[in-house]
Amino acid sequence: MENFTMLQYFQWYYPADGSLWKKMETEAAELKAFGIDTLWLPPAHKGMAGQTSSGYDIYDHYDLGEFDQKGSISTKYGTKEELIKAVRAGQSAGLQVYMDIVLNHLGGGDETERVLVRKVNPENRNEFISEPYEINAYTKFTYPGRNKKYSAFQWDFQCFTGVDFDESSGETAIYSIQNQYGEGWQDVLDKENGNYDYLMLSDIDFRNPNVVEELKRWGEWLHETLSFDGFRLDAIKHMPAEFYNQWLDHMRSVTGKELFTVGEYWSPGKLDDMLQYIDATQGRMSLFDACLQGNFSTASKQGADYDLSTIFENTLVQAKPDLAVTLVENHDTQPLQSLEQPVDLWFRPLAYALILLRATGYPCIFYPDLYGAKYTDHGNDGETHEIELKPIPQIQTMLGLRKNNLYGEQKDYFDHPNCIGWIVSGADEKPGSGIAVVMSNGGEGFKDMEIGKAFAGRTFRDRLGNVEQETVINPDGWGSFRCEAGAVSAYTAD
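Residues numbered from 1 in each chain as written. Predicted model: local features only at pLDDT ≥ 70, side-chain atom pairs only at ≥ 80, totals over all residues. Heavy atoms only, no water.

## Points about the overall build of the chain
1) Next: In terms of helices and strands, the chain carries 10 helices and 27 strands.
2) Next: A globule of 494 residues ought to have a C-alpha radius of gyration of about 23 Å, and the chain, at 24 Å, matches this closely.
3) Next: A principal-axis box enclosing the C-alpha atoms of the chain has dimensions of 80 × 45 × 45 Å.
4) Next: Residues counted as buried form 60% of the 494 residues belonging to the chain.
5) Next: For the chain, the proportion of contacts with a sequence separation of at least 24, taken over those separated by at least 6, is 69%. (Helix = DSSP H or I, 4+ residues; strand = E, 2+ residues; numbered from the N terminus. Rg over C-alpha atoms; globule rule 2.2 N^0.38 Å. Buried < 20%, exposed > 50% of the residue type's maximum accessible area, 1.4 Å probe, protein only. Contact = heavy atoms within 4.5 Å.)

Dropping the structure here:
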């Protein structure tokens, strides 16, 4: 079976110039040849900030860059026609395309309504701190620019559990909407802040059956329009698991496709929460390994003080390798973003080796690590920062090794706090396969590892170019594999 690799084909600060879909159409064949198999696209729908929106402040699910709404026809990434061409070009090149689905909330309502609410304690959303009273809330979504094309469904306060702004007073708070479906929040697994149903904007209420049916119809329409191959699901920890059980079953049934799905249940250091969600959804989706990404960030900050032999402890890829999408960084963890948890530049080649050159997990590459990125934004300190993210040149070589060498049984040599290694033994059906990887977060290191008697007498070289010294495998199938300080080496046979 071929080793697949995903690319997150955007970053938060991608230019708002409508160019991404055209870029994808042009690059699709090159990306496939480069070693990429699947593209995770950003939210393709019109956001409340129009063309400057990254798409997560979703306004109209049916507007893929077709209607004059929120100040533009195009989305940040292009028009509907350009998106359709890009998806077709990607699939023609042999790529699978995953759509980013944002169903937790809506933003930028067209009209206000008088809505009965109760204010809640933001630290404990189950605690009401006011009696019921009315506010003016932007909960009416009529989409005049679309004029009922594709769907006549109009959202109102009965479709939402909460909002965060009262137009009449100008006050920002967390308001629980008192509608016919309940006076409190939906039942979600995450208990942070008492109940973490409410995240932002107008929070969708999945207790309303009309909402659920509309989102099923929209999912069918989206697939009829784009014929995509899978999903990335946004903010699932803030939504009832039962909704996605229904929705995914429906989508797979009506399309007759597997529709690979990965969810964003972002709980670094809380593996049990992620496993609980997997149980609740009965393995219907994979999850991003937030725990591993957190380990990478910590390891990059601590340097030689970090025990590399523990890098996979309490991670999803260790507990549920078949449902783990592994990553080094994403648009939320990149510097200056909401879940900022970056991985320092020196450690990124090591981190990529730990996801690309392993037989377990489904690795996802972050856009700036291929293309680089420069941007300016305000940080949590209130200051303005200029950020430059440099590309990681070793990724290209690692992708080639992943395609050609990463077959057979994997054996780990995680027996030293600063120097670890592993081998993948090779497989008969993949001639020339087999690899030995060693890395250090301290000084120069080496690992004696058993690659197998089938390689006896063969010469292994570091394909990442960090170590010139060759390794010759002894008659028992063992070799001594070296690495430089703070670096990774990946050896294959001549």
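## Considerations on the packing of aromatic side chains
How two aromatic rings sit relative to each other is given by the distance of their centres and the angle of their planes.
1) Next: Under the definition given, this model contains 37 aromatic pairs.
2) Next: Centre to centre, the rings of Tyr59 and Phe141 are 6.3 Å apart; their planes meet at 40°, and the pair counts as tilted. Taken together, the positions of Tyr59 in strand β4 (residues 58–60) and Phe141 in the loop between β9 (133–140) and β10 (160–166) put the pair 82 residues apart, joining distant regions of the chain. Residue Tyr59 shares its accessibility class with Phe141, and that shared class is buried.
3) Next: The interplanar angle of 20° and the centroid separation of 6.5 Å between the aromatic rings of Tyr62 and Tyr150 together place this pair among those described as stacked. Taken together, the positions of Tyr62 in the loop between β4 and α2 (80–92) and Tyr150 in the loop between β9 and β10 put the pair 88 residues apart, joining distant regions of the chain.
4) Next: Residue classification places Tyr150 among the partly exposed positions, given a relative accessible area of 32%.
5) Next: In textbook terms, an aromatic cluster arises when at least three aromatic residues are bridged by ring pairs, as seen for Phe206, Trp218, Phe228, Phe231, Phe243, Tyr244 and Trp247.
6) Next: Over the aromatic face of Tyr59 sits the side chain of Lys70, whose NZ or CZ is 4.6 Å from the ring centroid.
7) Next: One residue, Arg358, lies across the ring of Trp422, its end atom 4.8 Å from the ring centre. (Phe/Tyr/Trp six-rings, centres within 6.5 Å; stacked < 30°, edge-to-face > 60°. Lys NZ or Arg CZ within 6 Å of the ring centre and 35° of its normal.)

## Side note on the pattern of salt bridges
1) Next: By the definition in use, this model includes 27 salt bridges.
2) Next: Note that Glu213 and Lys216 form a salt bridge whose closest N and O atoms lie 3.5 Å from each other. Remark: Lys216 and Glu213 occur in helix α3 (residues 209–226); sequence separation between them is 3 residues, near one turn of the helix.
3) Next: According to the relative accessible area criterion, Lys216 is buried, its value standing at 13%.
4) Next: In this structure, Asp369 and Arg348 form a salt bridge, with 2.5 Å as the shortest nitrogen-oxygen distance. Separated by 21 residues along the polypeptide, Asp369 in helix α9 (residues 367–371) and Arg348 in helix α8 (residues 348–356) bring together distant segments of the chain.
5) Next: Residue classification places Asp369 among the buried residues on the basis of a relative accessible area of 0%.
6) Next: On the basis of relative accessibility, which here comes to 4%, the residue Arg348 falls in the buried class.
7) Next: Beyond isolated ion pairs, a larger network of salt bridges with shared partners links Asp100, Arg232, Asp234 and Glu264. (Salt bridge = Lys/Arg side-chain N within 4 Å of Asp/Glu carboxyl O.)

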